Amino acid sequence: MTSPLNGVFPDSPELTGRIGGSLGKRARVGGIWYDPVPWTIGAALVSWLIGMLRQVPCIQSNPEEAINPIPRLCYSDIGVLYASQSALHGGGSVWAENSASDYPPLIGYLITFVRWISKLLGAKVEPGVTGTDLLHATNMFFALNAILLFGCFVALIIIHLRLGAKVAVKHTQGIQLRAWDAVFIALSPAIMTAALINWDLWAVMLVSLVLLLWARRKPLAAGVVAGVACATKFYPLALIPVLLLLCVRAGKGRAFLTFFGGGIASWLILNLPLLFTDKAAWLAFYTHNAARGAELGSIWYVLQLAGVKWSGPLLVSALMIAGIAIGGVFIIMEVLDAPRRPRVPQVMLLVLVIFLVFNKVYSPQYVLWLLPFVVLARPKLLDVAVWSTAELAYFFAIWGFLGGVLGPGTGADRLYWLIVMLRILVQFWVFGRVIHDIRNPWDDPVRVPYVDDPVGGILDHESDASWVQPRRARAAGLPVAKAHNKEPHHTDGSELGNNFVASSSGADVKLTDRSPELPRLASNTMLLSDEE
């Protein structure tokens, strides 16, 4: 028997006709060549090595000779924050001088911990350090953070290998295709270019861990980790409306409340110490983000460069909220009217795209937020490649803009505008591809026969709440179906997990486990049935 992460089951009848058809009776199925784990981990090592080599031009050895990281494409907030804050490298509070105002409390705790480790290893962390001592301490601080971020990256890869480990069905001849999707993350240009810009990889890893725990049907543990993630970055809050919406459609309110309660508890545990000891420092993160105006990478900043005059940050904030609200209403309608309840990563991707498109800033490391969900929602080479290319173009454009090559007044600044708009259009393109899959679940590359939502956990193969089915029937223009029981829960191909009923001329046609693939029917003539 193979390991849980192994790419192929030993009893697979064949691999694929493209490489020779059925295996002979003496052929060995399995082993390292068919196991995604070593290949994905190896690819991750290569990606991280490329990312580290990119930082070499930014390693400063002489305190008198400053290095400009912008034209070298190796800028990182990590070293800059440490070196620029006297309280931080002098041994004072992390939150003094608002040095951690851009980050929720957990990042501040992390900075304090890494500074302590640096001191144990010989770095001088005290007031009035010399330029040479400060330079050595800064380099050590960055190196230790890079090691911890590498640990986050490896954990992220392992999590995604496990998320796809059990998705093997007859339709794929037992090959666990979804485990191989982790290669998209391991070899992503986003990792090579943006992983060391900031501490965002911590939040990315924690959010993926939330998905794994949720997929394992552990809503309390998932909620606890979600609270930790929200104390690391702001965007994990998107998990709350996503799971709320899907749990409402499935009638799983108790599971969501368990998740939410665990999240609130862990978030309070991490936030209350700072709130009680330094309320101003705790509020700094929220007030800083509320007061900022249109900034780099946002659609509002491009409009500002094009000549639109904003009266102040409040107007930009109002427009951002309006755009997110309209997008949110659209997502709610799509989720409730879809013929089959959408998968968790699909809805999470939709929410993140809306948030990032209308947000007041788009820092180059924000690409990491989207990466796991692009892979989970649309694990197709075309989609991942097009999206990665647009994000890579934006990475070069933003440094060109900051370096002055594409800056205002250069005559080439419109290229920066164009690339920002291209990135937004590609994000909307991926958004549209996911909407298509939601409206036509038989086209979903993940939802092959016998597979519903591998990340869904308690939502996987569950029937909808009784109040949803009449709404779906009316949306499809079909007679209202009666409420049904839970679907059989199988991901190994032993029983049919997705049962569809096609209503045509008053006749019902139901698929069986002999069906080679889901039917291609017009969306207005398809209604899901949860009958066993």
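Description of the structure in this document.

### Some remarks on the packing of helix H12 (residues 239-250) against helix H13 (residues 253-277)
Turning to step 1, where the next piece is worked out: Relative to each other, H12 and H13 sit at 165°, their axes nearing to 9 Å. When the axis of H12 is compared with that of H13, the two are roughly antiparallel. H13 is crossed by H12, and the crossing has right-handed handedness. Residue-level contacts link Leu 239, Ile 240, Leu 243, Leu 244 and Cys 247 of H12 to Gly 253, Phe 256, Phe 259 and Phe 260 of H13.

### Here we look at the pattern of salt bridges
Turning to step 1, where the next piece is worked out: Using the criterion set out here, one finds 15 salt bridges in the structure.
Turning to step 2, where the next piece is worked out: A salt bridge links Asp 181 to Arg 178; its shortest N-O distance comes to 2.5 Å. Taken individually, Asp 181 and Arg 178 each receive the classification buried, so the pair is uniform in this respect.
Turning to step 3, where the next piece is worked out: Between Glu 334 and Arg 439 there is a salt bridge, with the nearest N and O atoms lying 2.5 Å from each other. Separated by 105 residues along the polypeptide, Glu 334 in helix H16 (residues 313-337) and Arg 439 in helix H20 (residues 413-439) bring together distant segments of the chain.

### Things to note about a positive patch on the surface
Turning to step 1, where the next piece is worked out: Together, Arg 162, Lys 166, Arg 216 and Lys 218 make up a positively charged patch on the protein surface.
Turning to step 2, where the next piece is worked out: Checked against the element boundaries, Lys 218 lands in the loop between helix H10 (200-215) and helix H11 (219-230).
Turning to step 3, where the next piece is worked out: On the basis of relative accessibility, which here comes to 46%, the residue Lys 218 falls in the partly exposed class.

### What about empty space enclosed by the protein?
Turning to step 1, where the next piece is worked out: For the structure shown, the criterion picks out four cavities of 30 Å³ or more.
Turning to step 2, where the next piece is worked out: Approximately 140 Å³ is the volume found for the largest cavity.
Turning to step 3, where the next piece is worked out: Lining the largest cavity are 15 residues, and of these Gly 164, Arg 178, Asp 181, Leu 376 and Val 455 sit closest to its centre.
Turning to step 4, where the next piece is worked out: Across the lining of the largest cavity, the residue classes tally to 10 nonpolar, two polar and three charged.
Turning to step 5, where the next piece is worked out: If you trace the second largest cavity, you find it lined by Ser 188, Pro 189, Ala 190, Thr 193, Pro 364, Val 367, Trp 387, Ser 388, Glu 391, Leu 392, Tyr 394 and Phe 395.
Turning to step 6, where the next piece is worked out: Broken down by secondary-structure element, the contributors of at least two residues to the lining of the second largest cavity are helix H9 (189-194) and helix H19 (381-402).
Turning to step 7, where the next piece is worked out: The dominant element in the lining of the second largest cavity, judged by the number of residues it contributes, is H19, at six residues.
Turning to step 8, where the next piece is worked out: Residues of the lining of the second largest cavity, tallied by class, amount to eight nonpolar, three polar and one charged.

### Notes on helix H18 (residues 367-377)
Turning to step 1, where the next piece is worked out: Where burial is concerned, most of H18 is hidden: 11 out of the 11 residues are buried.
Turning to step 2, where the next piece is worked out: Along H18, the residues that are buried comprise Val 367, Leu 368, Trp 369, Leu 370, Leu 371, Pro 372, Phe 373, Val 374, Val 375, Leu 376 and Ala 377.

### As for the packing of H11 against H13
Geometrically, a packed helix pair is captured by the angle between its two axes and the distance between the axes.
Turning to step 1, where the next piece is worked out: Two numbers describe how H11 lies on H13: the axes approach to 6 Å, and their chain directions differ by 40°. By the angle between their axes, H11 is oblique relative to H13. As for how H11 packs across H13, the hand of that crossing is right-handed. On the side of H11, the interface is formed by Pro 219, Leu 220, Ala 222, Gly 223, Val 224, Ala 226, Gly 227, Val 228 and Cys 230, while H13 contributes Ala 255, Thr 258, Phe 259, Gly 262, Gly 263, Ser 266, Trp 267 and Leu 270.
Turning to step 2, where the next piece is worked out: Residues that form the contact of H11 with H13 fall into these classes: 11 nonpolar, six polar and no charged.

### Overview of the environment of Gly 407
Turning to step 1, where the next piece is worked out: Structurally, Gly 407 is set in the loop between H19 and H20.
Turning to step 2, where the next piece is worked out: Each C-alpha atom of the pair Gly 407 and Ala 397 lies 9.8 Å from the other, and the pair is 10 residues apart in sequence.
Turning to step 3, where the next piece is worked out: For Gly 407, the contacting residues outside a window of four places in its chain are Gly 400, Phe 401 and Asp 413.

### Things to note about a nonpolar patch on the surface
Turning to step 1, where the next piece is worked out: A cluster of nonpolar side chains, namely Leu 49, Leu 53, Val 56 and Ile 59, defines an oily patch on the protein surface of about 390 Å² accessible area.
Turning to step 2, where the next piece is worked out: Along the chain, Leu 53 turns up in helix H1 (residues 36-55).
Turning to step 3, where the next piece is worked out: Since its relative accessible area comes to 53%, Leu 53 is described here as exposed.

### Focus: the nonpolar core
Turning to step 1, where the next piece is worked out: Among the nonpolar cores identified, the biggest contains 133 residues, and Phe 153, Trp 199, Leu 201, Trp 214, Phe 259, Leu 349 and Leu 370 are the most heavily contacted of them.
Turning to step 2, where the next piece is worked out: Top element by residues in this core is helix H6 (residues 131-163). It accounts for 14 residues.
Turning to step 3, where the next piece is worked out: If we skip the residues at most four places from it in the chain, Leu 201 touches Trp 48, Leu 149, Cys 152, Phe 153, Ile 191, Ala 195 and Leu 368.

### Overview of the packing of aromatic side chains
Turning to step 1, where the next piece is worked out: Under the defined criterion, the tally for this structure stands at 20 aromatic pairs.
Turning to step 2, where the next piece is worked out: With 6.1 Å between their ring centres and 40° between their planes, Phe 113 and Trp 116 make a pair best called tilted. One end of the pair is Phe 113 and the other is Trp 116, both in helix H5 (residues 105-120) and three residues apart, which spans about a single turn.
Turning to step 3, where the next piece is worked out: The partly exposed category is assigned to Phe 113, whose relative accessible area is 41%.
Turning to step 4, where the next piece is worked out: Between Phe 234 and Phe 355, the ring centres sit 6.4 Å apart and the planes meet at 35°, which makes this aromatic pair tilted. With a gap of 121 residues between them, Phe 234 in the loop between H11 and H12 and Phe 355 in helix H17 (residues 344-358) connect regions that are remote in the sequence.
Turning to step 5, where the next piece is worked out: On the accessibility criterion, Phe 234 (39% relative accessible area) is partly exposed.
Turning to step 6, where the next piece is worked out: Among the aromatic residues, those joined into a ring-pair cluster are Tyr 235, Tyr 362, Tyr 366, Trp 369 and Tyr 394.

### Topic: the environment of Leu 382
Turning to step 1, where the next piece is worked out: Inspection of the secondary structure assignment puts Leu 382 in helix H19.
Turning to step 2, where the next piece is worked out: By relative accessible area, which is 51% here, Leu 382 ends up exposed.
Turning to step 3, where the next piece is worked out: When sequence neighbours within four positions are dropped, the list of residues in contact with Leu 382 reads Trp 429 and Arg 433.

### Some points on the environment of Gly 404
Turning to step 1, where the next piece is worked out: One can find Gly 404 in the loop between H19 and H20.
Turning to step 2, where the next piece is worked out: Overall, the relative accessible area of 36% leaves Gly 404 in the partly exposed class.
Turning to step 3, where the next piece is worked out: Each C-alpha atom, one on Gly 404 and one on Ile 70, is 9.6 Å from the other, the two residues being 334 residues apart in sequence.

### Some words on unusual backbone geometry
Only a minority of non-glycine residues have a phi that is not negative, and only a minority of peptide bonds are not trans.
Turning to step 1, where the next piece is worked out: Unusually for a residue other than glycine, Leu 73 sits at a positive phi of about 60°.
Turning to step 2, where the next piece is worked out: Checked against the element boundaries, Leu 73 lands in the loop between helix H2 (69-72) and helix H3 (77-84).
Turning to step 3, where the next piece is worked out: Of note in this structure, Arg 217 is not a glycine but carries a positive phi near 65°.
Turning to step 4, where the next piece is worked out: In this fold, Arg 217 is placed in the loop between H10 and H11.
Turning to step 5, where the next piece is worked out: Classification of Arg 217 as partly exposed rests on a relative accessible area of 32%.

Conventions we followed
Residue numbers here run from 1 along each chain, matching the order of that chain's written sequence. Where local features are concerned, this predicted model is filtered to residues with pLDDT of at least 70; where side-chain atom pairs are given and counted, the filter is 80 or more; whole-chain, interface and lining totals use all residues. The side-chain numbers reported here are obtained from all heavy atoms of the structure, hydrogens and water having been left aside. For helices, the axis comes from a line fit to the C-alpha atoms of the stretch in contact; other axes are also lines fit to C-alpha atoms, and the angle between any two N-to-C directions lies between 0 and 180 degrees. Secondary structure is summarised from DSSP: a helix means a run of H or I of at least four residues, a strand means a run of E of at least two, and numbering begins at the N terminus for each. Orientation labels follow simple angle bins: below 35 degrees gives roughly parallel, above 145 gives roughly antiparallel, 65 to 115 gives roughly perpendicular, and whatever is left gives oblique. Take the far helix as the reference: if the near one is turned anticlockwise from it by less than a right angle, the crossing is left-handed, and if turned clockwise, right-handed. Should any heavy atoms of two residues lie within 4.5 Å, those residues are counted as being in contact. The working definition used for a salt bridge is a side-chain nitrogen of Lys or Arg within 4 Å of a carboxyl oxygen of Asp or Glu. Relative accessible area decides the class of each residue, using a 1.4 Å probe on protein chains only: under 20% of the type maximum gives buried, over 50% gives exposed, and in between gives partly exposed. Patch membership requires over 30% relative accessible area and the absence of a salt bridge. Like charges are linked within 9 Å, and nonpolar side chains (Val, Leu, Ile, Met, Phe, Trp, Tyr) within 5 Å. A 1.4 Å probe and the Shrake-Rupley method give the accessible areas. Residues count as covered only by the protein chains that appear here. Only four residue types enter the tally: Lys and Arg on the positive side, Asp and Glu on the negative side, with His and both chain ends excluded. Where a charge sits is defined by one atom per residue type, namely NZ (Lys), CZ (Arg), CG (Asp) or CD (Glu). For each structure, a 1 Å grid was placed over the protein atoms alone; sets of points admitting a 1.4 Å probe that cannot get out are labelled cavities, open sets with protein on both sides within 12 Å along at least five of seven lines are labelled pockets, and lining residues have an atom within 4 Å of a point. Grid points are joined across faces, edges and corners, and a volume is the space filled by probe spheres set on the points. Residue type decides the class: Asp, Glu, Lys and Arg count as charged, Ala, Val, Leu, Ile, Met, Phe, Trp, Tyr, Cys and Pro as nonpolar, and the leftover types, Gly among them, as polar. Joining through side-chain atoms within 4.5 Å is the link that ties buried Ala, Val, Leu, Ile, Met, Phe, Trp, Tyr and Cys residues into a set, and such a set is a nonpolar core. The rule is short: rings of Phe, Tyr and Trp, with Trp giving its six-membered ring, pair when the centres are within 6.5 Å, and they are stacked under 30 degrees, edge-to-face over 60, tilted in between.

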